[in-house]
Amino acid sequence: MSIRRLLAGAAAVLTLGACMVGLGTAPAADALDNGLALTPQMGFDNWNATQCTSTFNEAMIESIADLFVSSGLKAAGYEYVNLDDCWALPARDANGNLVPDPVRFPDGIKAVADYVHSKGLKFGLYSSAGTKTCNGQSGFPGSLGYEQQDAEQWASWGVDYLKYDNCNNDGTSAEQRYTTMRDALLATGRPILYSICEWGESQPWTWAGSVGNSWRTTLDVTDNYSSVLSIYQANIQLGQYAGPGQWNDPDMLEIGNGGMTDIEYRSQFSLWSMMAAPLIIGSDIRTATPATMAILSDSDVIAVDQDPLGVQGTQISSVNGLDVITKPLANGDRAVALFNEGDAAATISTTASAVGLPKAAGYSIKDLWAGTSTESAGRISAVVPPHGTAMFTVHAGGSWQTLPPAVHTGIDYPALYAGAPPLVEAGVTTTVTTVTGNDGALPASAGNVSLTGPAGWTVQAESPTGFPALPGGRQQSTPWSVTVPAGTPTGSYTLHASTSYQPGSTTVGYDLTVYVVAGQPAGVSSLGDDQWISSVNGSGPMERNTSNGAAAAGDGKTITLNGQTYAKGLGTYAPSAVRYYLGGGCSTLTATVGLDDERNSSSSGSVAFQVWADGKLVTQTGVIKRGDPPQQLSADVTGASLLELVVTDGGDSNISDSADWAGAQVTCA
Ligand code: GLA
């Protein structure tokens, strides 16, 4: 079981109607006629990083504007600096005007807009197409019924961008509410980019092309891989509705917020760019790592997002969670992304003809993340790590003969079952195989393959590592014995494979994450206390011995199912999956499972629990809905090495899907 399979039922069911696709730099015929967002908007919004905390204030926003200039983000194309919810006071003034919060914005909003403008940037603001905004505690005023008054106030402040949310909307049709604000913005005479945030509820892609410059297609992104994956799976299906001036918006970037690996963050940036999505930075870049800045500033990937042809990429294949996405570019080239949804490294391949390029003797391939260029006879492939994305631009013909052949190297690691992560116990020797393939039309010559492990590990080649020439279309495999020293602490470690070859003294590398594991002790162990191999969770990190809480780590409460409390267990939020190493010595898993009471008891929520042992489903609940009694689960895990506990969203979205494995424990010999 893998995270991509647990999400299979989670993607929104999308109704695809007729719509025009925009081609070229002019807006599509049915696009909102404000001349804006001819390529997807780029900028910053504070919400994902700050929500309504006191960090969100004038000083922060002004230093983000400063940083846009000093860090090169402005030069990279980021333009809008936007405020999200909580910028206003809870009440309008006597004239019905919105009032900036004087604590957060002591100089008012116009002063901040002026500051942002003084940096050569544009300024954005937030409101809701309802009576109140979405922040539940204070309930800030929304713009329903105040559209013209608010639009004029914003225009007088110099607002260039409106994000218009959907909370507290009194049930009035979305099309009507969003169209009223469109007309109000147009009537001000100021060009204001109009970003519809309706969460895809009434399929805005079918009606919003002439209403807004972009429309959210899903519920909110959160800073975890399962959220990014499920939003991608929904948004990728909507390509036909996107074009210059009218974009699908899969929500803002989480890159840099800390809940994902850099591999996963590069996937969000790659996939969003392939989908011609708005690129709105959602982390506090004042404290960004160099890796975060490198991802956000990657000019080759940004160029794919901003390509003037303005066509959203299409998924041309998705087999076992290995996806090929292609996007035509204005110069006739194709952007290609190879995305590995799953948990095990995999080689993903396509061809130049499959991505829509004409026949040629050779192709030039630029690897956008590596920054290298190679030639290919037509195959486009990469060894892609779990949750990773390789991204290329491919050009038919040209001066491909001057480039080194497209060589890639991977590591085949013996797996418990297809899709299982690489596992090893301390003290054990494993035979792994490096595989080097050449997609080029020309041979790779004078090659050498190496494999290195962490300090103290013994890594020995069992056959020659060099090759005089590797012809195009051929592979070379080398077995290696890898010994993990006895006493190595459990955790994740890296094996690094590298191949050097001619011409051009070229080197390609690949990192494989290997988990050093130890079997469970004899007796009964509580999974809330045990070390797991890996976990994914639908909202923030999975919690030990508390409920899930919200996105922050450690913010859960006592696990409570229908009023009954539990001292131990796992607090998750669907879709979630956690993997434990059992080592073959355990017999039974038991748990009480259900929706946690931490969510308002009147709220919705539906989930299903599954127990997988060595890749086989051994027991599951049906769908458990809010108010249903918790269920006792007992699963036979005799002899299994790998235990995986999965919570699905029950087949609908994951709203209020806070779900616990209360009292979860394994019995081992
Ligand atoms: C909604 C939106 C978010 C954010 C919050 C602010 O949830 O979808 O992007 O704007 O409201 O309260």
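Residues numbered from 1 in each chain as written. Predicted model: local features only at pLDDT ≥ 70, side-chain atom pairs only at ≥ 80, totals over all residues. Heavy atoms only, no water.

K.L.:
What exactly am I supposed to notice about the layout of surface pockets here?
P.N.:
Of the pockets and cavities examined, the second largest pocket occupies roughly 350 Å³. In this structure, the second largest pocket is lined by 19 residues; those nearest its centre are Ala345, Ala346, Ile411, Asp412 and Tyr413. Those elements that provide at least two residues to the lining of the second largest pocket are strand S12 (346-351), strand S17 (407-412) and strand S25 (506-517). Broken down by class, the residue content of the lining of the second largest pocket amounts to 13 nonpolar, five polar and one charged. Counting contributing residues, the lining of the second largest pocket receives three or more from each of domain 2 (313-403) and domain 3 (410-517). (1 Å grid on protein atoms, 1.4 Å probe; cavity = no way out; pocket = protein on both sides within 12 Å on 5 of 7 lines; lining within 4 Å. Points joined across faces, edges and corners; volume = space filled by probe spheres on them. Helix = DSSP H or I, 4+ residues; strand = E, 2+ residues; numbered from the N terminus. Nonpolar A, V, L, I, M, F, W, Y, C, P; charged D, E, K, R; others polar. Domains from an automatic or database assignment.)

K.L.:
Would you explain empty space enclosed by the protein in this entry?
P.N.:
This structure, assessed with the given rule, holds two cavities of 30 Å³ or more. If you add up the space inside the largest cavity, you get close to 90 Å³. Lining the largest cavity, in full, are Asp45, Asn82, Tyr161, Lys163, Ser195, Cys197, Arg216, Asp249, Asp251, Met252 and Ile280. For the lining of the largest cavity, the per-class residue count stands at four nonpolar, two polar and five charged. Put simply, the second largest cavity is a space of about 60 Å³. In this structure, the second largest cavity is lined by Asp85, Cys86, Trp87, Ala88, Leu98, Tyr126, Ser127, Thr133, Phe140 and Pro141. Among the residues forming the lining of the second largest cavity, the class breakdown is seven nonpolar, two polar and one charged.

K.L.:
Any chance you could explain the domain arrangement of the protein here in plain terms?
P.N.:
Accessible area lost upon the coming together of the parts serves often as the stated size of an interface. For the protein, the assigned domains read domain 1 (40-307), domain 2 (313-403), domain 3 (410-517) and domain 4 (523-668). Summarising the inter-unit geometry, the C-alpha centres of domain 1 and domain 2 are found 31 Å apart. Of the roughly 2,000 Å² buried between domain 1 and domain 2, counting both surfaces, carbon and sulfur atoms make up 64%. Ranking the residues of domain 1 by area buried against domain 2 places Tyr225, Met274 and Asp307 at the top, with a combined share of 30%. Applying the counting criterion to the domain 1 and domain 2 interface returns one salt bridge. As a salt-bridge pair, Lys366 and Asp300 come within 3.1 Å of each other at their nearest N and O atoms. Put simply, domain 1 and domain 2 have 12 residue pairs in polar contact (both at pLDDT 80 or more) between them. At the level of elements, helix H8 (225-235), helix H9 (262-274) and helix H11 (299-305) are the ones that each hand at least two residues to the side of domain 1 that touches domain 2. Ranked by the residues each element gives to the side of domain 1 that touches domain 2, the list is headed by H9, at nine residues. (Buried area = accessible area lost by both parts, 1.4 Å probe. Salt bridge = Lys/Arg side-chain N within 4 Å of Asp/Glu carboxyl O. Polar contact = N/O pair within 3.5 Å; in protein donor to acceptor, adjacent residues only side chain to side chain.)

K.L.:
Just checking my understanding: could you explain the pairing of S25 for this structure?
P.N.:
Within a regular strand, the side chains alternate between the two sheet faces. Bridging between strand S18 (residues 423-425) and S25 involves three bridges; their strand directions are parallel. Bridge pairing links Leu423 to Tyr515 in S25. Where strand S24 (residues 491-502) lies against S25, 11 bridges are found, and the strand directions are antiparallel. Bridge pairing in S25 links His496 to Asp511. Turn length for the S24-S25 hairpin, with the two strands adjacent in sequence and antiparallel, is three residues, and the turn residue Gly504 shows positive phi of about 85 degrees. (Pairing = 2+ DSSP bridges.)

K.L.:
What am I meant to see in the sheet that holds strand S19 (residues 429-438) here?
P.N.:
Neighbouring strands of a sheet are bound in pairs by backbone hydrogen bonds; such pairs are parallel or else antiparallel. Here we have four strands laid out as an open sheet, ordered S17-S19-S23-S21, and antiparallel in their pairing. With partners counted over all chains shown, the strands left at the sheet margins are S17 and strand S21 (458-461), one partner each. For this sheet, the mean angle separating the axes of adjacent strands, direction not counted, is 25 degrees. (Axes fitted to C-alpha atoms, helices over the stretch in contact; angles between N-to-C directions.)

K.L.:
Looking at this structure, how should I read the site of the ligand?
P.N.:
Near the ligand, the surroundings consist of Trp47, Asp84, Asp85, Tyr126, Cys134, Asn135, Lys163, Asp165, Cys197, Trp199, Arg216 and Asp220. Within the side chain of Trp199, a nitrogen or oxygen atom sits 3.0 Å from an oxygen atom of the ligand. In the environment of the ligand, an oxygen atom lies 2.5 Å from a nitrogen or oxygen atom belonging to the side chain of Asp220. About the coverage of the ligand: the protein hides 93% of its 310 Å² of free accessible area. A class-by-class count of the residues in the shell around the ligand yields five nonpolar, one polar and six charged. (Near = heavy atom within 4 Å. Areas by Shrake-Rupley, 256 points an atom, 1.4 Å probe, with all protein chains shown as cover.)

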